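# Analysis of the macromolecular model
Here's the letter readout for the chains.
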Amino acid sequence: MKKRMICLLAFAAMMSTPVFTACDDDDDTLQTPPVVQPSSEENLSGVITEHKTLDASTRYYIKGSVVVADGGVLEIPAGMTLRARKGFANYILVAQGGKIMAEGTASQPIVFTADVDNATPGYWGGIIINGRAPISGASASGNVGATEINNDYKYGGDDASDNSGVLRYVEICYSGARSSADIEHNGLTLNGVGNSTVVENIYIMEGADDGVEFFGGSVNVKNLLVVNCEDDMFDFTQGYNGTLSNCYGVWEKNFTSDESDPRGVEADGNLDGDGPDHAGQSDFKIENMTIENNSASAEMQDVIKVRRGAKVAISNAVVMGSGRVIDLVDFTDKKGAGDDASTVVLTNRLAEPLTGKEVNGEGRVELTDANKGVDRSLFSWCSYKFK
């Protein structure tokens, strides 16, 4: 059975409001915040059209879709835990023109989790943000996509600096519910999100699909930890052109997956490989990355997969652990290879030999012993304990 990790004191969720503390934080000045006893409970659902600030004294349950519409703002206080009911239809979606303001702190992160303490991956939907930044498409500009889990909500456009709000010191747990093999949530889905949006210090765990998936856009994300998500840790498609900095992906020893080809990084230039001639193919950077595979049963298809016209520059990357991996870096695909100008600088510290190739296809790969990867102390604020 897959190991269940309990999100930051979430085992007490149904009994009392949790007390948030920093986890092994090096700053001894951080203080435990006072307990706020909830005085009421409220289901959070429907469309938010104005500025809605959640009440710290209320226990909220995500029941149904929560849509932050154009002009609306959902503000979530630091230290709050939002609990989702079980099911695909329970999620938060920030539509174009809407904003989510989830500004946690190192000592008071914001937690999105299940409403039970024995949840499994895919228990609820997840968080989706739709922006107006460019995505790849048949036109040179103005391309628009439809949100996978609800086609009524569009994303994309021409505003690379679009602002959809803030996610800072946030944990997302047990997400990734699906309605079919082709329609499923991720932990965090960033659809055409602009680079004025702040996404940093994020922990995503026990998800049923990808940890995070970028559908185009230019948002820069930093300090991202993904643990035991069943498909890809970091997924990019449809013309993403930002930078992901300090990303750490983990499969623990008891991790298992039903996915056929789970990866560390999966990068597509265009959506599903169906637009090889589209303008604005993915062209992005990953700076400082560690992939740690300790699974005793799940085999990683590729540490890094770059395909379908994607171009990526990956620096200071490390793969490590006792688990099995087929290929280190693969640039091939039946729907089109990755851009051969892609560059990958990678250190292999896997305990077991590859069952496939170091490099498959055409790309510029430097294998070195010198990389250090990501400093784990960046995630000392969150509930995860590195083994």
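Residues numbered from 1 in each chain as written. Predicted model: local features only at pLDDT ≥ 70, side-chain atom pairs only at ≥ 80, totals over all residues. Heavy atoms only, no water.

Attention now goes to the environment of Trp251. For Trp251, the location among the structural elements is in strand β20 (residues 243–251). Put simply, Trp251 and Glu206 are 45 residues apart on the chain and 9.8 Å apart in space, counted from C-alpha to C-alpha. When residues no more than four places from it in sequence are discounted, the contact partners of Trp251 are Asn228, Cys229, Asp231, Met233, Pro262, Glu292, Asn293, Asn294, Ser295, Ala298, Glu299 and Met300. (Helix = DSSP H or I, 4+ residues; strand = E, 2+ residues; numbered from the N terminus. Contact = heavy atoms within 4.5 Å.)

Now for unusual backbone geometry. The phi angle at Arg308 is positive, at roughly 55°, despite the residue not being glycine. Tracing the backbone through its elements, the reader meets Arg308 in the loop between β23 (300–307) and β24 (311–321). In this structure Arg308 comes out as buried when scored by relative accessible area, which is 12%. If you check the backbone angles, Asn316 has positive phi at about 50° while not being a glycine. Looking at the element boundaries, Asn316 is found in strand β24. (Buried < 20%, exposed > 50% of the residue type's maximum accessible area, 1.4 Å probe, protein only.)

Before going further, it helps to examine the nonpolar core. Residues Ile76, Phe112, Leu224, Phe234, Phe236 and Met289 are the most contacted members of the largest nonpolar core, which totals 87 residues. Not counting residues within four places of it along the chain, the set of residues in contact with Leu224 comprises Ile202, Ile204, Val212, Phe234, Leu244, Asn246, Cys247, Tyr248 and Phe379. Counting 6 residues, the second-largest nonpolar core is a separate cluster that includes Val67, Tyr91, Leu93 and Ala95. (Core = buried A, V, L, I, M, F, W, Y, C linked by side-chain atoms within 4.5 Å.)

Under the counting rule described, the total for this entry stands at 22 salt bridges. Asp261 is the salt-bridge partner of Arg263, the closest N and O atoms lying 3.4 Å from each other. Taking the relative accessible area as the measure of exposure, Arg263 reaches 4% and is therefore buried. Using a relative accessible area of 24% as the deciding quantity, one classes Asp261 as partly exposed. Two residues, Asp333 and Arg308, come together in a salt bridge whose shortest N-O distance is 2.9 Å. Of this pair, Asp333 sits in the loop between β25 (325–330) and β26 (343–350) while Arg308 is found in the loop between β23 and β24, placing the two residues 25 residues apart along the sequence. It is possible to trace a salt-bridge network through shared partners that takes in Asp261, Arg263, Glu266, Asp268, Asp302, Arg307, Arg308 and Asp333. (Salt bridge = Lys/Arg side-chain N within 4 Å of Asp/Glu carboxyl O.)

Relative to the elements of secondary structure, Thr237 occurs in strand β19 (residues 234–237). Looking at Thr237, its side chain comes within polar contact range of the main-chain oxygen of Asn270, at 3.2 Å. Those residues in contact with Thr237 that lie beyond four places of it in its chain are Glu213, Phe214, Phe215, Gly216, Asp268, Asn270, Leu271, Asp272 and Ser282. (Polar contact = N/O pair within 3.5 Å; in protein donor to acceptor, adjacent residues only side chain to side chain.)

Okay, the confidence of the model for the protein chain next. For the protein chain, mean pLDDT is 92; residues scoring 70 or higher make up 90% of the total. Confidence drops under a pLDDT of 50 for residues 1–35, and excluding neighbours within four residues, the segment shows 96 contacts in the predicted structure. (pLDDT = per-residue confidence, 0-100.)

The next point concerns the layout of surface pockets. Roughly 800 Å³ of internal volume is contained in the largest pocket. Taken together, 36 residues form the lining of the largest pocket, with Glu148, Glu184, Glu213, Glu266 and Asp272 sitting closest to its centre. Of all the elements in the fold, those that place two or more residues in the lining of the largest pocket are β10 (145–146), β15 (188–191), β17 (212–215), β19 and β21 (263–268). For the lining of the largest pocket, the element with the highest residue contribution is β21, accounting for 3 residues. The class makeup of the residues in the lining of the largest pocket is 7 nonpolar, 10 polar and 19 charged. (1 Å grid on protein atoms, 1.4 Å probe; cavity = no way out; pocket = protein on both sides within 12 Å on 5 of 7 lines; lining within 4 Å. Points joined across faces, edges and corners; volume = space filled by probe spheres on them. Nonpolar A, V, L, I, M, F, W, Y, C, P; charged D, E, K, R; others polar.)

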